[in-house]
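Coordinates in review
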Amino acid sequence: MTNPQDNLQEKASSYTGQIIKALSGFYYVEETETKEIFTTRARGQFRNTQTTPLVGDFVEFTATNTKEGTVMKILPRYSEMVRPAVANVDVALLVASVTEPQIQPKLLDRFLVYLESVNVEPVIYFSKLDLAKEKDHDQIKFFIDTYTNVGYKVIVSSSLDEMLDKLKDIVRDHTMVVVGQSGVGKSTLLNRLLPGLDIETGEISTSLGRGRHTTRHTELHDIFGGKIADTPGFSSIDIDQLDKILLSNYFPEMRAIQDQCQFRGCTHIHEPKCAVKNALAAGEIAQTRYDSYLQIFEEIENAKPKY
Ligand SMILES: Nc1nc2c(ncn2[C@@H]2O[C@H](COP(=O)(O)OP(=O)(O)OP(=O)(O)O)[C@@H](O)[C@H]2O)c(=O)[nH]1
Ligand SMILES: [Mg+2]
Ligand SMILES: [Zn+2]
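The rules behind the values
Residues numbered from 1 in each chain as written. Chains lettered and ligands numbered in written order. Predicted model: local features only at pLDDT ≥ 70, side-chain atom pairs only at ≥ 80, totals over all residues. Heavy atoms only, no water. Donors = N, O, S within 2.8 Å, 3.2 Å for Na, K, Ca; no water. Tetrahedral: all angles 85-135°; square planar, octahedral: opposite > 155°, others 65-115°. Buried < 20%, exposed > 50% of the residue type's maximum accessible area, 1.4 Å probe, protein only. Near = heavy atom within 4 Å. Polar contact = N/O pair within 3.5 Å; in protein donor to acceptor, adjacent residues only side chain to side chain. Areas by Shrake-Rupley, 256 points an atom, 1.4 Å probe, with all protein chains shown as cover. Nonpolar A, V, L, I, M, F, W, Y, C, P; charged D, E, K, R; others polar. Salt bridge = Lys/Arg side-chain N within 4 Å of Asp/Glu carboxyl O.

Ideal geometry at a metal centre: 109.5 degrees between donors when four sit tetrahedrally, and 90 or 180 degrees when six sit octahedrally. Binding of the zinc ion (ligand 3) to the protein goes through Cys261 (SG), Cys266 (SG), His268 (ND1) and Cys274 (SG), at separations of 2.1 to 2.4 Å. Classification of the site at the zinc ion (ligand 3) as tetrahedral follows from its four donor atoms and the range of 103 to 115 degrees in their angles at the metal. Read in sequence order, the donor residues for the zinc ion (ligand 3) give the motif C-x4-C-x1-H-x5-C. Exposure class is identical for Cys261 and His268. Each is buried.

Here you go:
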């Protein structure tokens, strides 16, 4: 039996857990064994180092019986993303809507490159198929085929049951983030998967005279034995700090054949006997993908060094 005196003295015990939400300087930590949520703050020393606790971090923390505590140590990360700021994710569901807003292949490719560079597996989900017009169908099919040929898992379905089945297999025992441009339907998808959540979505509420709801924080939820997080939308992604010589490694269709280029360290732009350019000419690599490669390559080249 615990002595009531202990409560009064707020004697802290040590625990481990995972940060499932970060908001206004507080870290909400799910304790490993009991799954209870503790409200914590980061120990002062974190502020003096470059390390900030992230959603997804496994941590050691101390806490009192009041479920309030202090993060003492961040355990080694399996992966780390800056945008959204989240750790230990293995799969990212990249949502792109086929209309309102239209598919933006350049933005999609940039985010794919980013995910490849941080070692998070992308799965692409095309949303809002129900809004697509007849005339859009060829274009939508083109993008589905393009990304499937690259080797990515592509999910397209307007039926919830089918979607649930596909996602169950992907997320089981994994940690997944739902990412994509603002307004593509990330929160809507999560609400359909986990109806109890009731996340606010972009429905414009004219009656209340408020603007669009947009997601402002990242939060992990339990799903099918794994975890899934809704995240705020983005409209651009900074990748000019990547090494341009490594860039083709982040395009799986280039990575697979670049050993066959004549020149070691081939940039697949000006060199002769380039396997990538041959594949492009043969229609095995999509022009939109190669254009994205060129655009990012130039952007890295033109980037001012950052100190
Ligand atoms: N017709 C249709 N509308 C959708 C679909 N998915 C989302 N929407 C609508 O698109 C709007 C934006 O949806 P949200 O779920 O808030 O988008 P989000 O990606 O979470 O946006 P941010 O939080 O700003 O990043 C809302 O009005 C949704 O009702 C869909 O599959 N079909
Ligand atoms: Mg949202
Ligand atoms: Zn080449």
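As a structural note, the neighbourhood of ligand 1 is formed by 18 residues, with Ser182, Lys186, Thr188, Gly202 and Thr214 the closest of them. Take Ser182: an N or O atom from its side chain is 2.5 Å from an oxygen atom of ligand 1. Take Thr214: an N or O atom from its side chain is 2.4 Å from an oxygen atom of ligand 1. Here ligand 1 loses 85% of its free accessible area of 650 Å² to cover by the protein chains. Class assignment of the residues belonging to the shell around ligand 1 gives a composition of two nonpolar, eleven polar and five charged.

On to the pattern of salt bridges. All chains considered together, the criterion is met by 16 salt bridges. Between Glu30 and Lys35 there is a salt bridge; the shortest N-O distance is 4.0 Å. The closest approach of N and O atoms between Lys227 and Asp222, which form a salt bridge, is 2.6 Å. Residue classification places Lys227 among the buried residues on the basis of a relative accessible area of 10%. Through salt bridges with shared partners, one network takes in Glu30, Lys35, Asp222 and Lys227.

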